[in-house]
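Listed here are the chains, written in short residue letters.
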Amino acid sequence: MTNPLHDALFAPLSGRHSPLLILQDGTTLTGDTFLRLIGRQAHALHGMGVGKGDRIAAQVAKTPEALALYGAAVALGAVFLPLNPAYTPGEVAHFLGDATPRVFLCDPARQASLAPMAARHGAALLTLDAKGGGTLTDAAAAQPDGFDPAPCGPDDLAALLYTSGTTGRSKGAMLTQRNLLSNAQALAQLWRFTADDVLLHALPIFHTHGLFVASNVSLLTGGAMIFLPGFDADTVLHLLPQATAMMGVPTFYTRLLSDPRLDRDLVAHVRLFVSGSAPLLAETHQAFEARTGQRILERYGMTETNMNTSNPYDGERRAGTVGFPLPGVELRLTQGDTEVATGHIGQIEVRGPNVFAGYWKMPEKTAEELRPDGFFQTGDLGRLDADGYLKIVGRMKDLIISGGFNVYPKEVEMLLDAVPGVQESAVIGLPHPDFGEAVFAVVVPKAGVRLEAAQVLSGIGGRLARFKQPKAAVVVAELPRNAMGKVQKNVLRQTYAGWFAG
Ligand code: AMP
């Protein structure tokens, strides 16, 4: 038996003396150096008793050592569990209690406060700081650098990723070697990645986008990554001329667009810009093309399924859509148990080697969302256009039912966004004594513009059926977002919960 994920992503780094990681300060790590780092970490962790199936939880900064830890977990046949550094100790306690990792890695600055919690859940504590130092690195230093990967099969778990939980409690999505490898293969082929590519990597690696989509595709195809600790517009603009590709969330693109240095010449060498994890406004897509001559390729995925759909590489990249199902991925739109016809809105369901093995220790929740025929109910609402492009129209949980009528927030948001002076908007349902739920709009003005709520509402007045029109609106400086740039509608619903009360 082999270890398919290790064999595809990491084993080929052996003897590779060209740069794999190009760091912000210009230093580089060759593929071979990186593989040896993985080997030493794997020996150190093995020495602490980490074996096949054990969870390795890490709440650490993005460094080459942190990425190597993923490689070490794969080599050990262990299950990598990355955690957002923004999680509070209370949240981390939940993850440790739920996943019971053998080892937990944190920043040395948090060691004292997290040690009792790690001990309570039976996890050995190691540290890794933002420069790659700490007790993991110390323990690895004296280890041999060749590690024999543990035999694994395609159905063995490789990672446990907790969903970002913008609607309800985080759940651990169990991802197998097959899930990760099949998706990396599909994307690498579709997006034409080769060993000549240099990917600008400014995404976090605790999330599926940066850890799997970006890193796995690059590792699989033998390219290099400009590996940045986070997104900083200055640094990205400085380094983009060295890149051939960039993957980002929509906020990367809006921030780059707000800088006059972004132009055609600066990105002349880049062959591909990808966006995902949150909706890219059609306006951003168009503004980016007008400025750079490049059409951003938007794709759609989620923690549980890896990537599901993508706009085409060669064909038309249609703004406001997420394209077609990836090769090997089946897609259908349903209402209840019935498939809806083209042009109608339904829940997006997907099936394929990309779909996860279920929620960690939550068989009932898994059974609710994974149908017996293997289709996963994403909770996203979509519509297929006549050419087969998928458009996401919102989350099921965000659907507003006002006076018995369905209101899709996206439809209202698109009209609000087109009102002069409006930068963006979020439409939510709030409890209302007469209607059950009432439509409520939260609007952000463009920089330097003064907007009144009444003015925005009258701006869309005649263009929507009365039941879809917001009953009230507020103007705010910005929308609450999580680390991946997703608007946190749950936070908005809480903030304005009492608006229509009494
Ligand atoms: P996560 O599990 O954190 O990756 O979040 C997945 C969710 O992000 C999906 O279920 C969608 O609601 C949303 N999402 C991802 N990509 C896109 C996209 N391109 N457009 C709109 N929503 C997206």
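Predicted, not measured: the structure shown is a model, and the values here were computed from it.

### Description of the pattern of salt bridges
Now for step 1: Applying the stated criterion across every chain yields a total of 27 salt bridges.
Now for step 2: In this structure, the salt-bridge partner of Asp-32 is Arg-36, at a minimum N-O distance of 3.0 Å. Separated by 4 residues within a single helix, Asp-32 and Arg-36 lie in helix H2 (residues 31-47), roughly one turn from each other.
Now for step 3: The partner of Glu-316 in a salt bridge is Arg-318, and the shortest N-O contact between them spans 3.0 Å.
Now for step 4: A relative accessible area of 40% places Glu-316 in the partly exposed class.
Now for step 5: Under the relative-accessibility criterion, Arg-318 is labelled partly exposed at 21%.

### Focus on empty space enclosed by the protein
Unoccupied space between atoms shows up once a probe the size of one water molecule is rolled over them.
Now for step 1: The tally for this structure, following the rule as stated, stands at 1 cavity of 30 Å³ or more.
Now for step 2: There is about 30 Å³ of room inside the largest cavity.
Now for step 3: Take the lining of the largest cavity: its biggest share by element is 4 residues, from helix H7 (residues 177-190).
Now for step 4: Here the lining of the largest cavity is composed, by residue class, of 5 nonpolar, 3 polar and no charged.

### A closer look at the environment of Lys-361
Now for step 1: Structurally, Lys-361 can be placed in the loop between strand E18 (346-351) and helix H12 (363-369).
Now for step 2: In this structure, the C-alpha to C-alpha distance between Lys-361 and Gly-172, residues 189 residues apart in sequence, is 8.2 Å.
Now for step 3: Setting aside residues no more than four positions away along its own chain, Lys-361 makes contact with Gly-97 and Asp-98.
Now for step 4: Polar side-chain contacts of Lys-361 include one of 2.7 Å to the backbone oxygen of Asp-98.

### Considering the site of the ligand
Now for step 1: As a matter of local geometry, the ligand sits amid 17 residues, with Glu-298, Arg-299, Thr-303, Asp-380 and Lys-486 nearest to it.
Now for step 2: Side-chain polar atom of His-207 to an oxygen atom of the ligand: 3.0 Å apart, as the coordinates give it.
Now for step 3: Between the ligand and the protein, one listed contact pairs an oxygen atom with a side-chain N or O atom of Asp-380 at 2.6 Å.
Now for step 4: Put simply, the parts of the chain that give the shell around the ligand at least two residues each are strand E13 (297-302) and strand E20 (390-395).
Now for step 5: The leading source of residues in the shell around the ligand is E13, at 5 residues.
Now for step 6: Split into classes, the residues belonging to the shell around the ligand amount to 6 nonpolar, 6 polar and 5 charged.

### Details of H2
Structural remark: α-helix, 3.6 residues per turn; residues separated by three or four positions point the same way.
Now for step 1: The end-to-end C-alpha separation of H2 is 24 Å, in line with the 24 Å expected for 17 residues at 1.5 Å each.
Now for step 2: Of the residues trailing H2, Gly-49 is marked for its positive phi of about 95 degrees.

### What to know about the sheet that holds E20
Strand pairing in a sheet relies on backbone hydrogen bonds, with the paired strands running either antiparallel or parallel.
Now for step 1: Sheet architecture is open: 5 strands sit in the order E17-E16-E18-E19-E20, paired in antiparallel fashion. Strands at the two margins of the open sheet, each flanked by one partner only, are strand E17 (338-339) and E20.
Now for step 2: As judged from the 4 bridges shared by E18 and strand E19 (residues 376-384), these two strands associate in the antiparallel manner. When the bridges of E19 are listed, Gln-347 appears paired with Leu-381.

### A few points about helix H14 (residues 453-460)
Now for step 1: For H14, every residue scored as buried is listed here: Val-456, Leu-457 and Ile-460. All buried residues of H14 fall inside an arc of 95 degrees around its axis, so they share one side. In this structure, H14 carries Ala-454 and Ser-458 as exposed residues pointing more than 90 degrees from its buried face.
Now for step 2: Packed against the buried residues of H14 are helix H13 (409-417), strand E23 (422-432), strand E24 (436-445) and strand E25 (472-475).

Thresholds applied
- Residues numbered from 1 in each chain as written.
- Predicted model: local features only at pLDDT ≥ 70, side-chain atom pairs only at ≥ 80, totals over all residues.
- Heavy atoms only, no water.
- Salt bridge = Lys/Arg side-chain N within 4 Å of Asp/Glu carboxyl O.
- Helix = DSSP H or I, 4+ residues; strand = E, 2+ residues; numbered from the N terminus.
- Buried < 20%, exposed > 50% of the residue type's maximum accessible area, 1.4 Å probe, protein only.
- 1 Å grid on protein atoms, 1.4 Å probe; cavity = no way out; pocket = protein on both sides within 12 Å on 5 of 7 lines; lining within 4 Å.
- Points joined across faces, edges and corners; volume = space filled by probe spheres on them.
- Nonpolar A, V, L, I, M, F, W, Y, C, P; charged D, E, K, R; others polar.
- Contact = heavy atoms within 4.5 Å.
- Polar contact = N/O pair within 3.5 Å; in protein donor to acceptor, adjacent residues only side chain to side chain.
- Near = heavy atom within 4 Å.
- Expected span 1.5 Å × (residues − 1).
- Pairing = 2+ DSSP bridges.
- Arc of directions from axis to C-beta.

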